Amino acid sequence: MYKIAYKKIAHPIFTTPIILTAFISLNVLLAPLSSQASPSKNLTDHLSATNVILFIGDGMDEHQITMARNYLYSPKGLFAMEQMPVRSSVKVQTLREDNPKQFRHIADSANSATTLATGVLTSKGRIATAALTNHALPTILEDAQRAGYRTGIVTTASLTDATPAAFASHSPHRDCESPEEMKARHPFIPPTQQCTHNQKKRGGQGSIVEQLINANVDVLLGGGRKYFKQSVGKSSFIEQAQHKGYALLQTQTDIQGTPEHSKLLGLFSKKHLPIEWIGENYRRAKKIKTDADGHHIYPQPFTCTPNTRFKNTPTLSQMTDKALQTLSHNNTKGFFLVVEGALIDKQAHKRNPCGQIGELRAFDESISTGREFASKFPNTLVIVTADHGQAGQIVPLPESYELVSNAVTAPQYPTGYYAVLKTLSGELMAISYATNSSPKGMWEMHTGTNVPAFMEGPELKNVPVTIDQRYINNLMRQHLKLGTIQ
Ligand SMILES: [Zn+2]
């Protein structure tokens with residue numbers, strides 16, 4: 001099996017982007033040559049298998065990428081995803097549930113993942129179902145499965161969370177995660193999207209966790225143990241999965257010890273996985289305070305540090321590696337795999353820049369793993385994209401605000417929540433979150449910008465510079481010869 005040499009380094013303070021760049025470039029250049037040299041017919045069939053790996057960085061717009069790149073590598077560096085040969089800007093489109101002929105201009109992970117999964121636009125909160133009508137929309141994972149491909153879902157969130165759910169279940173709303181959530185009416189969900197519409201006793205498909213257990217996906221790795229522990233009838237969903245032949249993985253050690261021929265259900269946390277990094281002394285962005293004389297008191301700079309709670313949790317890269325080994329094992333047809341870096345978004349909601357940066361770095365490491373696999377299996381299409389924008393912005397340092405304040409009569413200072421990070425190369429970078437006043441609860445909101453797509457693989461010559469998410473779905477369908485969605 002393939003090895004990822006540089007990823008054993010635990011903290012990027014010990015590495016440099018130059019080493020990363022050189023390693024990836026050399027590897028990508030050399031690996032296909034050594035693969036083509038294989039004399040074995042079986043191995044040649046195996047290498048020509050048709051594969052798609054879709055990476056989704058939740059909330060990973062250009063601003064979030066730039067923030068993490070500046071912190072880790074300074075503006076001179078590049079992430080692995082940024083070294084992929086094809087790049088496009090992606091429009092994210094969201095319909096109104098109350099009038100699906102009109103657009104909203106902010107997406108959520110559910111409707112955005114639905115479009116990536118099905119090639120069809122829908123409304124906020126929906127999981128592979130059509131706006132207003134609630135019709136189930138076939139997903140690329142389901143179509144790939146019907147065509148004989150193996151399939152996999154890997155995420156740092158609960159497996160029942162919106163992005164993974166949209167590839168292998170159908171629900172009027174993302175919150176219908178388990179039988180418990182199906183019972184009551186939800187005050188914040190529109191009447192046409194209530195979970196009760198999907199109850200089995202009303203002819204619906206049931207909760208997301210029930211559908212995931214029955215979807216026959218070969219590899220399911222992520223969090224969400226609390227949902228899989230629930231049951232309808234005598235046995236829990238975990239036990240039902242084991243009856244269907246899934247090996248249950250719960251620790252990093254389980255990942256290393258499970259043979260490649262197994263179907264895998266990895267549940268590595270109660271809900272979402274712990275984050276890899278936190279701010280030193282748990283620091284996040286905060287409001288600027290004003291002293292009795294009217295002077296603004298700026299927060300002191302801080303750095304990011306590993307989160308001790310992450311210990312013994314598999315990294316996203318390790319989960320991706322395991323999924324790739326399992327899906328490609330004795331497989332001449334190929335596979336469809338979706339990998340989500342889920343917590344970039346969830347940490348941006350919490351105004352935690354170090355949480356975001358650590359998760360973006362972990363996501364990029366998993367992309368390196370995917371690219372290295374693709375360099376050995378050349379008929380692999382790798383697409384990296386995001387589902388919507390997030391709230392973090394790089395803004396001026398305190399000295400810039402103070403300079404302007406001295407020159408004008410009214411003092412100026414950053415509104416919203418503000419943090420100053422000391423980057424690994426010793427520079428200062430200020431981050432602002434200013435989409436919501438709430439100190440907690442809803443916290444920051446999504447933003448409505450385009451998101452990037454980075455691509456690598458065969459037949460990518462004519463990708464336009466601006467695309468939409470339906471285009472990505474069709475590109476993947478074309479590669480797997482599944483027919484396209486109009
Ligand atoms: Zn979000």
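Residues numbered from 1 in each chain as written. Predicted model: local features only at pLDDT ≥ 70, side-chain atom pairs only at ≥ 80, totals over all residues.

Student: Just to check I follow, could you spell out the overall build of the protein for this structure?
Tutor: When helices and strands are counted, the protein shows 16 helices and 20 strands. Taking 486 residues into account, the globule formula puts the C-alpha radius of gyration at 23 Å, and the protein, at 23 Å, falls close to it. Counting only C-alpha atoms, the protein reaches 75 × 55 × 45 Å along its principal axes. The contacts of the protein with a sequence gap of at least 6 include a subset with a gap of at least 24, amounting to 74%. (Helix = DSSP H or I, 4+ residues; strand = E, 2+ residues; numbered from the N terminus. Rg over C-alpha atoms; globule rule 2.2 N^0.38 Å. Contact = placed C-beta atoms within 7 Å.)

Student: Can you walk me through the pairing of strand β7 (residues 246-249) in this structure?
Tutor: Looking along a regular strand, one sees side chains alternate from face to face of the sheet. For β7 and strand β8 (residues 263-267), the ladder comprises four bridges, and the chain directions are parallel. Of the residues in β8, the one forming a bridge with Leu248 is Leu265. Traced from β7 through helix α11 (residues 252-257) to β8, the parallel crossover comes out right-handed. (Pairing = 2+ DSSP bridges. Right-handed = clockwise from strand over helix to strand, strands pointing away.)

Student: Just checking my understanding: could you explain helix α16 (residues 469-479) for this structure?
Tutor: Every buried residue of α16 is accounted for by Gln469, Ile472, Asn473, Leu475, Met476 and His479. Seen end-on, α16 carries its buried residues on one side only, within an arc spanning 160°. Within two residues after α16, Lys481 carries a phi angle of roughly 55°, on the positive side. (Buried ≥ 20, exposed ≤ 12 C-beta atoms within 10 Å, placed from the backbone. Arc of directions from axis to C-beta.)

Student: It is not clear to me how the packing of helix α3 (residues 62-73) against helix α14 (residues 353-376) should be interpreted in this structure. Could you clarify?
Tutor: Any two packed helices are characterised by how steeply their axes cross, that is the angle between the axes, and by the distance between the axes. The geometry of α3 relative to α14 is characterised by a closest axis approach of 9 Å and an angle of 90° between their N-to-C directions. The orientation of α3 relative to α14 falls into the category roughly perpendicular. Across the interface between the two elements, Gln64, Ile65, Met67, Ala68, Tyr71 and Leu72 of α3 pack against Pro353, Gln356, Ile357, Leu360 and Arg361 of α14. (Axes fitted to C-alpha atoms, helices over the stretch in contact; angles between N-to-C directions. Parallel < 35°, antiparallel > 145°, perpendicular 65-115°, else oblique.)

Student: Quick question: what am I supposed to make of unusual backbone geometry here?
Tutor: For residues that are not glycine, phi is negative in most cases, and the peptide bond is trans in most cases. In this structure, Ser74 takes a positive phi of about 65° despite not being glycine. Phi angles above zero are rare outside glycine, and Asn216 is one such case at about 60°. Relative to the assigned elements, Asn216 resides in the loop between α8 (208-214) and β6 (219-223). The exposure class assigned to Asn216 is partly exposed, which follows from the 14 C-beta atoms found within 10 Å.

Student: Could you clarify how one ought to interpret the nonpolar core in this entry?
Tutor: A general trend in soluble globular proteins is that nonpolar side chains are found buried together. Among the nonpolar cores identified, the biggest contains 118 residues, and Ala166, Leu220, Phe336, Ile357, Ile383, Val384 and Met476 are the most heavily contacted of them. Counting residues per element, this core draws most heavily on α14, at eight residues. Setting aside anything within four residues of it in sequence, one finds Ile357 in contact with Met67, Ala68, Tyr71, Leu72, Trp277 and Cys304. (Core = buried A, V, L, I, M, F, W, Y, C linked by C-beta atoms within 7 Å.)

Keep in mind these numbers describe shape, not what the thing actually does.
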